Amino acid sequence: MSSEARARAGLIGLVTGIIGAGAAVVLLLWPRQVSDDLVSYPFTTAGFYVAQVVFFVHHLGLLVLVVAFARSAAFGEGRVARGGAWLAVAGTAALAAAELLAMRYATWDFTTANEGLMGAAYGIACNAVGLGMLAAGVGTLRRRVWSGWFKWTPLAVGVTQFVVLTPGMFGGFVVARLAIGTWMLTFAALGWGLYADARGTAPARSQTRQHAAAAR
């Protein structure tokens with residue numbers, strides 16, 4: 001993948017992550033239109049359908065970011081790290097599909113739906129992203145292509161999934177939205193790192209140029 005394409009994907013990821021965090025805030029502020037025990041809460045069924053389509057499209061932006069990261073050299077050639085990156089790609093694609101699947105459960109009781117296929121779809125998808133980014137994140141730290149705070153962003157996506165997102169989903173609507181918003185910000189940070197690396201402005205690239213100039 002060319003540096004220009006990686007830069008575009010990184011920028012898409014940055015913007016998409018910020019939008020995702022903003023969407024969590026919108027959900028918290030949205031007027032309550034149905035009972036809070038329904039899957040569609042706080043929307044009516046029609047509003048929920050619209051929201052889920054928006055979330056699906058939003059997740060395609062995350063998918064662009066994760067695919068670009070998986071095709072980058074940030075984590076080297078190690079099979080575990082590379083496999084982890086592509087597992088994260090599969091998980092992100094599954095998460096997008098889960099948003100469409102949830103539409104059929106709009107009028108269901110949330111607890112009942114979450115104990116069935118809908119909950120399983122979200123759980124498998126998010127865990128795949130988390131596990132994949134943990135493996136790729138460790139590879140990124142070992143490879144040392146990125147330095148400074150950028151090098152921590154892939155790992156942050158994985159750690160946040162297990163430390164913040166997963167427990168947050170059991171904390172009620174408000175806590176869950178805050179957890180999702182926090183997770184989205186880690187994707188934004190990953191996008192920033194990928195964009196900076198592709199543009200040659202990431203710390204590692206800057207240091208390499210400085211060392212080359214000193215050698216001359």
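Since we're looking at a predicted model, the values are computed, not measured.

Focus on the overall build of the protein
- Scanning the protein for helices and strands turns up 8 helices and 0 strands.
- In sequence order, the protein lays out its α and β elements as α-α-α-α-α-α-α-α.
- Here the C-alpha atoms of the protein give a radius of gyration of 18 Å, agreeing with the 17 Å that 2.2 N^0.38 yields for 216 residues.
- Based on the C-alpha atoms only, the size of the protein along its principal axes is roughly 70 × 30 × 25 Å.
- Taken as a whole, the protein presents about 10,500 Å² of accessible surface, with 67% of it coming from carbon and sulfur.
- In the protein, which carries 16 positive and 8 negative side-chain charges, the distance between the mean positions of the two groups comes to 19 Å.

Digging into the packing of aromatic side chains
- Enumeration over the complete set of coordinates arrives at 9 aromatic pairs.
- Seen from their ring centres, Trp183 and Phe187 are 5.0 Å apart, and the 75° between their planes marks the pair as edge-to-face. Residue Trp183 and its partner Phe187 are located together in helix H7 (residues 173-198), separated by 4 residues, close to a single helical turn.
- Here Phe187 falls in the buried class, since its relative accessible area comes to 1%.
- Every member of this aromatic cluster is reached through a ring pair, and the members are Phe69, Phe75 and Trp146.

Some details on the pattern of salt bridges
- In total, this model carries 3 salt bridges according to the counting rule given.
- Across the salt bridge formed by Asp197 and Arg6, the nearest N and O atoms sit 3.1 Å from each other. Highlighted residues: Asp197 in helix H7 and Arg6 in helix H1 (residues 3-29), separated in sequence by 191 residues. For the pair shown, Asp197 and Arg6 are each scored as buried.
- The partner of Glu77 in a salt bridge is Arg82, and the shortest N-O contact between them spans 3.7 Å.

Some remarks on unusual backbone geometry
- Backbone torsion omega between Tyr41 and Pro42 reads 5°, so that peptide bond is classified as cis.
- For Pro42, the position within the fold is in the loop between H1 and helix H2 (45-70).
- Here Arg144, not a glycine, exhibits a phi torsion of approximately 65°, which is positive.
- Inspection of the secondary structure assignment puts Arg144 in the loop between helix H5 (117-143) and helix H6 (153-168).

What to know about the nonpolar core
- Core analysis: the biggest nonpolar cluster contains 32 residues, and Phe69, Met133, Trp146, Val157, Trp183, Phe187 and Leu190 have the highest contact counts within it.
- Among the elements of the structure, H1, H2, helix H3 (79-101), H5, H6 and H7 are those that each provide at least two residues to this core.
- Within the second largest apolar cluster, 11 residues are counted, among which are Phe48, Ala106, Ala113 and Met118.

Here's the deal with the packing of H2 against H7
- Following both chains from N to C, one finds H2 and H7 inclined at 45°, their axes separated by 10 Å at the closest point. Of the possible angle classes, the one that applies to H2 and H7 is oblique. The element H2 and its partner H7 pack so that their crossing is left-handed. The residues of H7 that touch H2, namely those facing His58, Leu62, Leu65, Val66, Ala68 and Phe69, are Met184, Phe187, Leu190, Gly191 and Leu194.
- Counted by class, the contact of H2 with H7 contains 9 nonpolar, 2 polar and no charged residues.

About the thresholds
- Residues numbered from 1 in each chain as written.
- Predicted model: local features only at pLDDT ≥ 70, side-chain atom pairs only at ≥ 80, totals over all residues.
- Heavy atoms only, no water.
- Helix = DSSP H or I, 4+ residues; strand = E, 2+ residues; numbered from the N terminus.
- Rg over C-alpha atoms; globule rule 2.2 N^0.38 Å.
- Areas by Shrake-Rupley, 256 points an atom, 1.4 Å probe, with all protein chains shown as cover.
- Lys, Arg positive; Asp, Glu negative; His and termini not counted.
- Charge placed at Lys NZ, Arg CZ, Asp CG, Glu CD.
- Phe/Tyr/Trp six-rings, centres within 6.5 Å; stacked < 30°, edge-to-face > 60°.
- Buried < 20%, exposed > 50% of the residue type's maximum accessible area, 1.4 Å probe, protein only.
- Salt bridge = Lys/Arg side-chain N within 4 Å of Asp/Glu carboxyl O.
- Core = buried A, V, L, I, M, F, W, Y, C linked by side-chain atoms within 4.5 Å.
- Axes fitted to C-alpha atoms, helices over the stretch in contact; angles between N-to-C directions.
- Parallel < 35°, antiparallel > 145°, perpendicular 65-115°, else oblique.
- Left-handed = near helix turned anticlockwise from the far one by under 90°.
- Contact = heavy atoms within 4.5 Å.
- Nonpolar A, V, L, I, M, F, W, Y, C, P; charged D, E, K, R; others polar.

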